[in-house]
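For reference, the chains in residue letters:
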Amino acid sequence: RPSSAASLGAMKEARRTFAEEEEYISKVTRTKYAVGKGFVPNMRVPGVFYVNENLRDLLYEELKAHCDAGNVGGFLPAVKQLANVAALPGVVSHSIALPDVHSGYGFAIGNVAAMDMDDPEAVVSPGGVGFDINCGVRLIRTNLMEDDVKPVQEQLAQSLFDHIPVGVGSQGIIPTTSKDLEEALEMGMDWSIREGYSWAEDKEHCEEYGRMLNADPTKVSQRAKKRGLPQMGTLGAGNHYAEIQVVEEIFDKAAAQRMGIDKKGQVCVMIHSGSRGLGHQVATDALVAMEKAMSRDKIHTNDRQLACAKICSKEGQDYLAAMACAANYAWVNRSSMTFLARQAFAKIFKSTPADLDMHLVYDVSHNIAKMEEHLVNDEVKRLLVHRKGATRAFPPHHPLIPVDYQFTGQPVLIGGTMGTCSYVLTGTDKGMMETFGSTCHGAGRARSRSSSRRKLDYQQVMDNLKAKGISIRVA
């Protein structure tokens with residue numbers, strides 16, 4: 001197939017040593033690095049990545065290992081993936097990588113790229129969204145304090161585990177028919193509100209108000225629907241979690257007060273999950289269709305994992321409509337788990353979720369492509385912004401954030417790893433100008449999940465958490 005041949009041909013560039021590769025990378029500020037054109041073939045814009053010295057060393061280590069192996073085997077290094085995205089048709093300004101960047105499928109995880117929607121050649125790429133469409137994080141506050149929870153810590157952990165199904169292939173306890181699923185794919189959180197699984201005010205504190213309006217369930221395959229039907233209200237596996245957290249530090253009292261999380265020791269719940277098997281199948285279906293479209297439209301990429309289609313093509317529009325359905329499914333999924341978490345707390349504390357003040361602080365997406373307006377070279381452009389492993393972070397006074405947060409900026413939820421802190425940030429004007437209003441989705445990682453599985457002992461991890469006084473339940 002021509003698309004595959006073009007991809008392979010483009011990557012057969014002259015092999016360079018690590019020192020030669022490093023010449024294309026320049027330090028702009030203490031935490032910002034630029035990747036110049038020529039680092040990979042056909043770059044239309046430069047690359048840029050934001051890291052501290054520790055994270056930079058990890059990126060360089062990955063690149064050096066790739067050079068030493070003769071540019072073969074495994075995922076491409078994240079810096080190479082960042083540069084390959086800079087070669088896609090229609091990309092504007094920069095291909096951007098955020099602090100927790102690491103290798104992924106096609107796009108690096110932590111990669112942001114914006115395509116000019118008024119350019120007829122501009123493309124949409126499922127690799128720029130990821131397989132777990134609208135994987136995201138939500139934070140629910142409570143009026144409980146750490147001292148209220150400590151005496152019932154184990155019972156509460158068990159109650160949460162009993163209420164929320166978890167693990168590979170886990171099945172939901174929210175009763176869902178095929179008709180319900182069709183409606184949920186189209187309506188998103190409006191379905192959850194109608195069915196009584198979500199509070200009306202929850203959607204006000206959710207990105208896109210919990211519903212992408214361009215969703216069209218007819219563009220979602222029967223196989224995807226079959227996978228999604230039994231999984232509504234389930235956490236899944238991998239790095240997904242439902243975590244009871246305690247406010248440890250407050251840096252901005254005004255913002256914390258606005259969010260209702262303004263006391264040290266206050267208990268919150270963070271839920272990290274996505275669109276389960278349905279989203280994965282939507283991405284898989286689109287990749288198959290787009291490989292054919294690339295051959296037809298003679299679209300060439302540096303990496304065949306960057307399968308894509310023109311935004312204006314049938315394949316591009318079908319994917320965006322199906323992706324919106326998967327995003328809506330993910331919001332319904334997180335809403336269903338919020339309902340279950342509220343029930344778990346109500347049962348242990350013999351109260352009601354309302355009396356426990358279990359309001360949604362915010363819900364952010366970090367695997368999604370959205371149509372937005374941004375300034376590019378002092379000109380307002382309509383862009384399709386791909387955020388893969390990246391969180392939207394809009395500044396104060398932006399029209400797309402809730403009225404409650406107009407003066408603080410959009411809440412940005414950054415999940416930590418097991419036993420470490422998570423963070424609540426707010427969007428800034430600088431971020432809007434430099435990264436299309438985006439930031440990282442996790443608190444940085446020292447190694448990949450596969451490397452962690454090889455090097456970390458399961459029992460040792462569990463013992464370390466127990467030593468910190470953390471109760472844990474795993475499937």
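Details of the structure are given in the entry above.
The model shown is predicted, which means the values in this text are computed figures rather than measured ones.

**Student:** Help me understand the nonpolar core in this model?
**Tutor:** Side chains of a nonpolar character, in soluble globular proteins, are inclined to be buried together. Judged by nonpolar contacts, the single largest core of 95 residues is most densely connected at Phe49, Val282, Tyr319 and Phe345. Setting aside chain neighbours within four positions, we find valine 282 in contact with Ile133, Val220, Ala224, Tyr319, Ala322, Met323 and Ala326. Core analysis: the second largest hydrophobic core is formed by 16 residues, Val48, Val376, Leu383 and Phe436 among them.

**Student:** Is there a simple way to think about helix H11 (residues 276–297) in this case?
**Tutor:** Structural remark: α-helix, 3.6 residues per turn; residues separated by three or four positions point the same way. Here H11 is 22 residues long and its end C-alpha atoms lie 32 Å apart, about the 32 Å a rise of 1.5 Å per residue gives. Residue lysine 298 follows H11 closely and has a positive phi angle near 55°.

**Student:** How should I be thinking about the state of the cysteines in this particular structure?
**Tutor:** The term disulfide refers to a covalent linkage connecting the sulfur atoms of a pair of cysteines. This model, assessed by the stated rule, comprises zero disulfides. Here cysteine 312 stays free of any disulfide, with the sulfur of cysteine 308 as its closest cysteine sulfur at 12 Å.

**Student:** What am I meant to see in the sheet that holds strand E11 (residues 360–365) here?
**Tutor:** Sheets are built from strands paired through backbone hydrogen bonds, the pairs being either parallel or antiparallel. The strand order across the open sheet built from four strands is E8-E9-E7-E11, with neighbouring strands paired in antiparallel fashion. The two strands at the open ends of the sheet, each matched to only one other strand, are strand E8 (241–246) and E11. Across this sheet, the average inter-strand angle for adjacent strands is 20°, counted without regard to direction. Looking at chain direction, strand E7 (residues 136–145) and strand E9 (residues 266–273) are connected through seven bridges and run antiparallel. Directly across from valine 137, in E9, lies its bridge partner histidine 272. Strands in contact with helix H12 (residues 314–349) are E7, E8, E9 and E11; relative to E7, the strand with the most contacts, it is inclined by about 20°.

**Student:** Help me out: how do you make sense of helix H6 (residues 153–163) in this one?
**Tutor:** The set of residues buried in H6 consists of Leu156, Ala157, Ser159, Leu160 and His163. Seen along its axis, H6 keeps its buried residues to an arc of 160°; they face one direction.

**Student:** How should the environment of cysteine 268 be read in this particular structure?
**Tutor:** The residue cysteine 268 is located in strand E9 in this model. Look past the residues within four positions of cysteine 268 in its chain and what remains in contact with it is Leu139, Ile140, Arg141, Glu243, Ile244, Gln245, Val247 and Ile261.

**Student:** Is there a simple way to explain a nonpolar patch on the surface in this structure?
**Tutor:** On the surface, Leu375, Val380 and Met433 cluster together into a nonpolar patch covering about 310 Å² of accessible area. Within the secondary structure layout, valine 380 lies in strand E13 (residues 379–388).

**Student:** When you look at the pattern of salt bridges in this model, what are you seeing that I'm missing?
**Tutor:** Taken as a whole and judged by the stated rule, the model has 29 salt bridges. The salt bridge involving aspartate 363 is made with arginine 138; its shortest N-O contact spans 2.7 Å. Taken together, the positions of aspartate 363 in strand E11 and arginine 138 in strand E7 put the pair 225 residues apart, joining distant regions of the chain. Arginine 138 shares its class with aspartate 363; the two are buried. Glutamate 154 serves as the salt-bridge partner of arginine 473, at 2.8 Å between the closest nitrogen and oxygen. With arginine 473 in the segment after helix H15 (458–467) and glutamate 154 in helix H6, this residue pair connects regions lying 319 residues apart in the sequence. Classification of arginine 473 by relative accessible area gives partly exposed; the value is 29%. Residues joined by salt bridges that share partners form a network here, namely Lys179, Glu183, Arg194 and Glu195.

**Student:** So what exactly am I meant to see when it comes to the packing of aromatic side chains here?
**Tutor:** What characterises a pair of aromatic rings is the spacing of the ring centres plus the angle enclosed by the ring planes. If you walk through the whole model with that rule in mind, you get eight aromatic pairs. Relative to phenylalanine 49, the ring of tyrosine 33 lies with its centre 5.2 Å away and its plane at 5°, an arrangement referred to as stacked. Here the residue tyrosine 33 occupies a position in strand E2 (residues 32–35), and phenylalanine 49 occupies one in strand E3 (residues 47–50), the gap between them amounting to 16 residues. Residue classification places tyrosine 33 among the buried positions, given a relative accessible area of 2%. According to the relative accessible area criterion, phenylalanine 49 is buried, its value standing at 1%. Taken together, a centroid distance of 5.4 Å and an interplanar angle of 75° make the contact between tyrosine 105 and phenylalanine 131 edge-to-face. Taken as a pair, tyrosine 105 in the loop between strand E4 (95–102) and strand E5 (109–116) and phenylalanine 131 in the loop between strand E6 (123–124) and E7 lie far apart in primary sequence, 26 residues in all. Judged by relative accessible area, which is 26%, phenylalanine 131 ranks as partly exposed.

**Student:** Looking at this structure, how should I read a negative patch on the surface?
**Tutor:** There is a patch of like negative charges on the surface, built from Glu146, Asp147, Asp148 and Glu248. Inspection of the secondary structure assignment puts glutamate 146 in helix H5 (residues 146–149).

**Student:** What's the story with the side chain of serine 313 in this structure? I'm lost.
**Tutor:** Summarising the element assignment, serine 313 is placed in the loop between strand E10 (309–310) and H12. Residue serine 313 is classed as buried on the basis of its relative accessible area, which comes to 10%. Polar side-chain contacts of serine 313 include one of 3.0 Å to the backbone nitrogen of glycine 316.

**Student:** What's the story with the packing of H11 against H12 in this structure? I'm lost.
**Tutor:** A pair of packed helices can be characterised by two numbers: the angle between their axes and the separation between those axes. Packing of H11 against H12 brings their axes to within 10 Å, and their N-to-C directions diverge by 170°. Of the possible angle classes, the one that applies to H11 and H12 is roughly antiparallel. Counting all contacts with H11, which are made through Arg276, Leu278, Gly279, Val282, Ala286, Ala289, Met290, Ala293 and Arg296, the residues of H12 involved are Glu315, Gly316, Tyr319, Ala322, Met323, Ala326, Tyr329 and Asn333. For the contact of H11 with H12, a count of residues per class yields 11 nonpolar, three polar and three charged.

**Student:** Got a minute to help me understand the sheet that holds strand E1 (residues 25–27) in this structure?
**Tutor:** Spatially, the seven strands line up as an open sheet ordered E1-E2-E3-E4-E5-E13-E12, and their pairing is mixed. At either margin of the open sheet sits one strand with a lone partner, and together these are E1 and strand E12 (367–376). Sheet twist, expressed as the mean angle between neighbouring strand axes with direction ignored, is 25°. Sheet topology places E1 next to E2; three bridges connect them, and they run antiparallel. The residue of E2 that forms the bridge with isoleucine 25 is valine 35. Seen against the sheet, helix H4 (residues 78–85) touches E1, E2, E3, E4 and E5 and runs at an angle of roughly 155° to E4.

Parameters and conventions
Residues numbered from 1 in each chain as written. Predicted model: local features only at pLDDT ≥ 70, side-chain atom pairs only at ≥ 80, totals over all residues. Heavy atoms only, no water. Core = buried A, V, L, I, M, F, W, Y, C linked by side-chain atoms within 4.5 Å. Buried < 20%, exposed > 50% of the residue type's maximum accessible area, 1.4 Å probe, protein only. Contact = heavy atoms within 4.5 Å. Helix = DSSP H or I, 4+ residues; strand = E, 2+ residues; numbered from the N terminus. Expected span 1.5 Å × (residues − 1). Disulfide = S-S within 2.5 Å. Pairing = 2+ DSSP bridges. Axes fitted to C-alpha atoms, helices over the stretch in contact; angles between N-to-C directions. Arc of directions from axis to C-beta. Patch = residues over 30% accessible without salt bridge, like charges linked within 9 Å, V, L, I, M, F, W, Y side chains within 5 Å. Areas by Shrake-Rupley, 256 points an atom, 1.4 Å probe, with all protein chains shown as cover. Salt bridge = Lys/Arg side-chain N within 4 Å of Asp/Glu carboxyl O. Phe/Tyr/Trp six-rings, centres within 6.5 Å; stacked < 30°, edge-to-face > 60°. Lys, Arg positive; Asp, Glu negative; His and termini not counted. Charge placed at Lys NZ, Arg CZ, Asp CG, Glu CD. Polar contact = N/O pair within 3.5 Å; in protein donor to acceptor, adjacent residues only side chain to side chain. Parallel < 35°, antiparallel > 145°, perpendicular 65-115°, else oblique. Nonpolar A, V, L, I, M, F, W, Y, C, P; charged D, E, K, R; others polar.

Scope: geometric values only; no functional claims are made or implied.
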